[in-house]
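# Structural features, examined
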Amino acid sequence: MTTEIFAIVAPVLLGAALGFGWARYGPPFNTELLTSLVLIIGTPCLIFSTLTKFTVDLETVGNMALATLMSLAFISVVGGSILYVTRQPVRTFLPSLLFPNAGNMGLPLCLFAFGDEGLALGIAFFTVTSVGNFTLGVWLASGDMSPSRLLRTPLIWAAVAGVAFLATGVNPPLWLANTTQLIGGFTIPAILIALGVALAQMQVKNLGRAILVGVLRLVLGFAIGLALAHLFEFDGIARGVIILQCTMPVAVYNFLFAQRYDNRPSDVAGGVVISTTISFLTLPFLIAFVI
Amino acid sequence: MILNHIAQLAPVVAPVLITIAIGYAWARQGRALDVRFLANLIHNVGMPCMIFSTLTRVNVDPLVFVDMGWASLATHLAFVLIGALVLRAARLPLSVYLNGMVYPNAGNVGLPLCFFAFGEFGLALSIAWFTIDSVMAATLGVWVASGKFTGRDLIRAPLIYAALGAVCFLASGTKPPVWLANTTGLIGGLAIPLLLVLLGASLATLRVTNLRRAVLLSVLRLGMGFGIGVIAAWLFGFEGVERGVLIINCSLSVGIINYLLSQYYNREPQEVAAMVVVSGFISIATLPLLLAYVL
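Treat the numbers as computed from the prediction; the structure is a model and nothing was measured.

### Comments concerning the overall build of chain A
For chain A, the helix and strand inventory stands at 13 helices and zero strands. Listed N to C, the secondary structure of chain A is α-α-α-α-α-α-α-α-α-α-α-α-α in terms of helices and strands. In terms of overall size, chain A behaves like a compact globule, its C-alpha atoms giving a radius of gyration of 18 Å where 291 residues would be expected to give roughly 19 Å. When the backbone C-alpha atoms are referred to their principal axes, chain A occupies close to 50 × 45 × 45 Å. Here chain A holds 291 residues, and the buried ones make up 57% of them. Sequence separation of at least 24 residues holds for 84% of the intrachain contacts in chain A that already meet a minimum separation of 6. Accessible surface, chain A: about 11,500 Å² in total, of which carbon and sulfur atoms supply 66%. Within chain A, the 11 negative side-chain charges are centred at a point lying 16 Å from the centre of the 12 positive side-chain charges.

Given below as structure tokens:
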């Protein structure tokens, strides 16, 4: 059991540790270049390639996407209320509660815990939260809602195309499948290393607030994950994926957007660092719970 | 007939060409591509993980790798010999031009081609060829470019240690623990796509100065490579996948590594850049023919 869990968690911990070490002791790390390569090229290819391997059917993908949307709705209401009652700035911290690190951490965990089928379901969750992050998340951070931003996000198009193949049951031509598989392969390791780099560069300023946000994200996430698994009658891999993905720590993107729109980035960074650190410790238990 | 060929070749060649094209377009759009950073990420992190994970994953008799290693060594020595003779006859300095004749784009182009043409077994054999190629470039290649023989670059190359580690597992017949296999398999995914993007960006940014000489040398590299590959495959009695992997790797365009070496040791890098670019573009046209020949 321990060996099995370690085999699932090790790629995430070691990948992040590699980035952390690089940022601390290595030559300059070009996060900006790696992030744009991932966003523009890597992620769309990974989404398309994973969906069109037909490891899961359209209905399961649709249910997972719906469950993800419901998790966002639930956390908006409950998390928003808690932030309001405790007099925390809602616009600053709500994105941190809403959007888990479903890409950097969630995807490799889903892959190694549940294989290709787990990755496909993890991708469905990740696509929905990414879209939410790029629309709702940006709106909360900047106060500026622009739907056109969504249309300019390549991962949307990849998801639409992937779902189209899934819905019609047509296999994409082999050249396309091979190409997207090859290119998609650099996405997860790149974002995992970038996560470690981000952790090394962020600082916790207000520890109390960071702990509040970090713990709230993990606890709320775990609770809604369990509830949704029950509500949708997910079992096996689908149950594992929804619980895992909902319980991931605060996404690094929340920090990037807070920074870009000057929405108290140092406070958001605290939440990312604290929730990720706690998560590294609780991860083995979470994995043991879902597999 | 021709349509059949295209249907058979597209799945092998398209991933390589499209990823190169993405790198080309990226650089052409004026987006910054931090070559030093990407090369660091690929050579110190991605490549060693990919080599270790592939070699330990594939179930092959280790002796098959040894055969391919000898074939790689023999073909490299033939490149050196013929390249040196031709360059001497043309009165071109070996320190500038010889490496370009010897070290092809085996890592970035050869590996994915062999993978999509022959599956994991092809990839593993291609890694055997490429590992010897890297060892030669880090020793003999550095010597030719710098005039000094040192093992420094070899000792500093992480991929050597990855290959040695994999050989230990292969020789003892044990599999690495799952956590290590998972981790190196995941991180190894970085290497090939980023290498191809980097190659595309190089084709877009490197300048061609002396076109005529670059064309002649490129044709020499590609023609000689193919010829030696075919002969060596025959001499070693290779068939099927082994033959395909050997011929593909021998027939690739001038490797970017040669440009990096000539830049580092200041041996007229613009001349080598021209060879990289021209042979790269010619090989876009010849790759489908090459694949049609070996498949």
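### With respect to the environment of Met64(A)
All names here are of chain A. Locating Met 64 in the fold gives a position in helix α3 (residues 58-85). Accessibility expressed as a relative area gives 0% for Met 64, which makes it buried. Along the sequence, Met 64 and Pro 154 sit 90 residues apart, while their C-alpha atoms lie 21 Å from each other. In contact with Met 64, not counting residues within four places along its chain, are Leu 121, Ala 124, Phe 125, Phe 234, Ala 238, Val 241 and Ile 242.

### Looking at the confidence of the model for chain A
Per-residue confidence for chain A gives a mean pLDDT of 91, with 100% of residues at or over 70. Element-level pLDDT for chain A is lowest in helix α6 (residues 147-151) of chain A, with a mean of 72, against a maximum mean of 96 in helix α11 (residues 237-246) of chain A.

### Some points on the side chain of Ser53(B)
Residues and elements named next belong to chain B. Within the secondary structure, Ser 53 is located in helix α2 (residues 35-57). Residue classification places Ser 53 among the buried residues on the basis of a relative accessible area of 6%. Contacts of Ser 53, omitting those with residues within four sequence positions, involve Thr 184 and Gly 185.

### Structural notes on the interface of chain B and chain A
Taken together, the contact between chain B and chain A spans 31 residues of the former and 34 residues of the latter. When the two sides are added together, the surface that chain B and chain A hide from each other amounts to roughly 2,800 Å², 86% of it contributed by carbon and sulfur. Counting every contact that joins chain B to chain A gives zero salt bridges. Put simply, chain B and chain A have three residue pairs in polar contact (both at pLDDT 80 or more) between them. Mapped by element, the contributors of at least two residues to the side of chain B that touches chain A are α1 (2-28), α2, α5 (106-146), α8 (178-188) and α9 (191-205) of chain B. A per-element tally of the side of chain B that touches chain A places α1(B) first, with eight residues. Residue composition of the side of chain B that touches chain A, by class: 24 nonpolar, five polar and two charged.

### Digging into the packing of helix α5 (residues 102-142) of chain A against α11(A)
Residues and elements named next belong to chain A. Viewed as axis vectors pointing N to C, α5 and α11 meet at an angle of 165°, and their least axial separation amounts to 9 Å. Relative to α11, α5 is oriented roughly antiparallel. Considering how the two elements wind past one another, α5 and α11 form a crossing that is right-handed. Taken together, the residues of α11 that come into contact with α5 (itself represented by Ala 102, Gly 106, Leu 107, Leu 109, Cys 110, Phe 114, Glu 117, Gly 118, Leu 121, Gly 122, Phe 125 and Phe 126) are Ile 237, Ala 238, Gly 240, Val 241, Ile 242, Leu 244, Gln 245 and Cys 246. Taken together, the residues of the contact of α5 with α11 sort by class into 14 nonpolar, five polar and one charged.

### Section: the nonpolar core
Nonpolar side chains in soluble globular proteins generally cluster together in the buried interior. Formed by 115 residues in total, the largest nonpolar core has its most connected members in Leu41(B), Met47(B), Ile51(B), Leu113(B), Leu190(B), Leu246(B) and Leu291(B). Examining the composition of this core, we find that 19 residues originate from one element, α5(B), more than from any other. In contact with Leu190(B), other than residues within four places in its own chain, are Gly185(A), Phe186(A), Pro189(A), Ala190(A), Ile193(A), Leu41(B), Val45(B) and Gly46(B).

### As for unusual backbone geometry
For Phe54(A), which is not glycine, the phi dihedral falls at a positive 55°. Turning to its location among the elements, Phe54(A) is positioned in the loop between α2 (31-51) and α3. Backbone geometry places Glu268(B), a non-glycine residue, at a positive phi of 45°. Position of Glu268(B) relative to the elements: it lies in the loop between α12 (256-264) and α13 (269-294).

### Here's the deal with the pattern of salt bridges
Two side chains of opposite charge can pair, provided their charged atoms sit close to one another. Inspection of the entire model under this criterion finds four salt bridges over all chains. In this structure, Asp267(A) engages Arg209(A) in a salt bridge whose closest nitrogen and oxygen atoms are separated by 2.9 Å. With Asp267(A) in helix α13 (residues 265-290) and Arg209(A) in helix α10 (residues 207-231), the pair connects residues that are 58 residues apart, well separated along the chain. With respect to class, Asp267(A) is no different from Arg209(A); both count as buried. Residue Glu120(B) pairs with Arg57(B) through a salt bridge whose shortest N-O separation is 2.8 Å. Here the residue Glu120(B) occupies a position in helix α5, and Arg57(B) occupies one in helix α2, the gap between them amounting to 63 residues. The partly exposed category is assigned to Glu120(B), whose relative accessible area is 31%. In this structure Arg57(B) comes out as partly exposed when scored by relative accessible area, which is 40%. The network of salt bridges with common partners includes Arg209(A), Arg264(A) and Asp267(A).

### Quick look at the confidence of the model for chain B
Residues and elements named next belong to chain B. In the predicted model, chain B carries a mean pLDDT of 91, and the fraction of residues at 70 or more is 100%. No element of chain B has a lower mean pLDDT than helix α6 (residues 152-156), at 78, and none a higher one than helix α11 (residues 240-250), at 97. This prediction of the complex comes with two scores: 0.92 for pTM and 0.90 for ipTM.

### Brief notes about the packing of aromatic side chains
The geometry of an aromatic ring pair is captured by two quantities: the separation of the ring centres and the angle between the planes. All told, the structure shown has 16 aromatic pairs over all chains when counted by the stated rule. Measuring from ring centre to ring centre gives 5.7 Å for Phe134(A) and Phe257(A), while their planes differ by 75°; the resulting arrangement is edge-to-face. Taken together, the residues Phe134(A) in helix α5 and Phe257(A) in helix α12 (residues 252-260) connect sequence positions 123 residues apart. On the accessibility criterion, Phe134(A) (12% relative accessible area) is buried. Positioned over the ring face of Trp139(A) is Arg91(A), at 5.6 Å from the centre of the ring. The aromatic ring of Phe79(B) is capped on one face by Arg221(B), whose charged end is 4.7 Å from the ring centroid.

### Quick look at α3(A)
Residue and element names in this part refer to chain A. Between its first and last C-alpha atoms α3 spans 40 Å; for 28 residues at 1.5 Å apiece the expected length is 40 Å, and the two agree. On its buried side, α3 packs onto α2, α4 (90-98), α5, α7 (154-168), α10 and α11. Just beyond α3, the residue with positive phi is Arg 87, at close to 60°.

Definitions and cut-offs
- Residues numbered from 1 in each chain as written.
- Chains lettered and ligands numbered in written order.
- Predicted model: local features only at pLDDT ≥ 70, side-chain atom pairs only at ≥ 80, totals over all residues.
- Heavy atoms only, no water.
- Helix = DSSP H or I, 4+ residues; strand = E, 2+ residues; numbered from the N terminus.
- Rg over C-alpha atoms; globule rule 2.2 N^0.38 Å.
- Buried < 20%, exposed > 50% of the residue type's maximum accessible area, 1.4 Å probe, protein only.
- Contact = heavy atoms within 4.5 Å.
- Areas by Shrake-Rupley, 256 points an atom, 1.4 Å probe, with all protein chains shown as cover.
- Lys, Arg positive; Asp, Glu negative; His and termini not counted.
- Charge placed at Lys NZ, Arg CZ, Asp CG, Glu CD.
- pLDDT = per-residue confidence, 0-100.
- Buried area = accessible area lost by both parts, 1.4 Å probe.
- Salt bridge = Lys/Arg side-chain N within 4 Å of Asp/Glu carboxyl O.
- Polar contact = N/O pair within 3.5 Å; in protein donor to acceptor, adjacent residues only side chain to side chain.
- Nonpolar A, V, L, I, M, F, W, Y, C, P; charged D, E, K, R; others polar.
- Axes fitted to C-alpha atoms, helices over the stretch in contact; angles between N-to-C directions.
- Parallel < 35°, antiparallel > 145°, perpendicular 65-115°, else oblique.
- Left-handed = near helix turned anticlockwise from the far one by under 90°.
- Core = buried A, V, L, I, M, F, W, Y, C linked by side-chain atoms within 4.5 Å.
- Phe/Tyr/Trp six-rings, centres within 6.5 Å; stacked < 30°, edge-to-face > 60°.
- Lys NZ or Arg CZ within 6 Å of the ring centre and 35° of its normal.
- Expected span 1.5 Å × (residues − 1).

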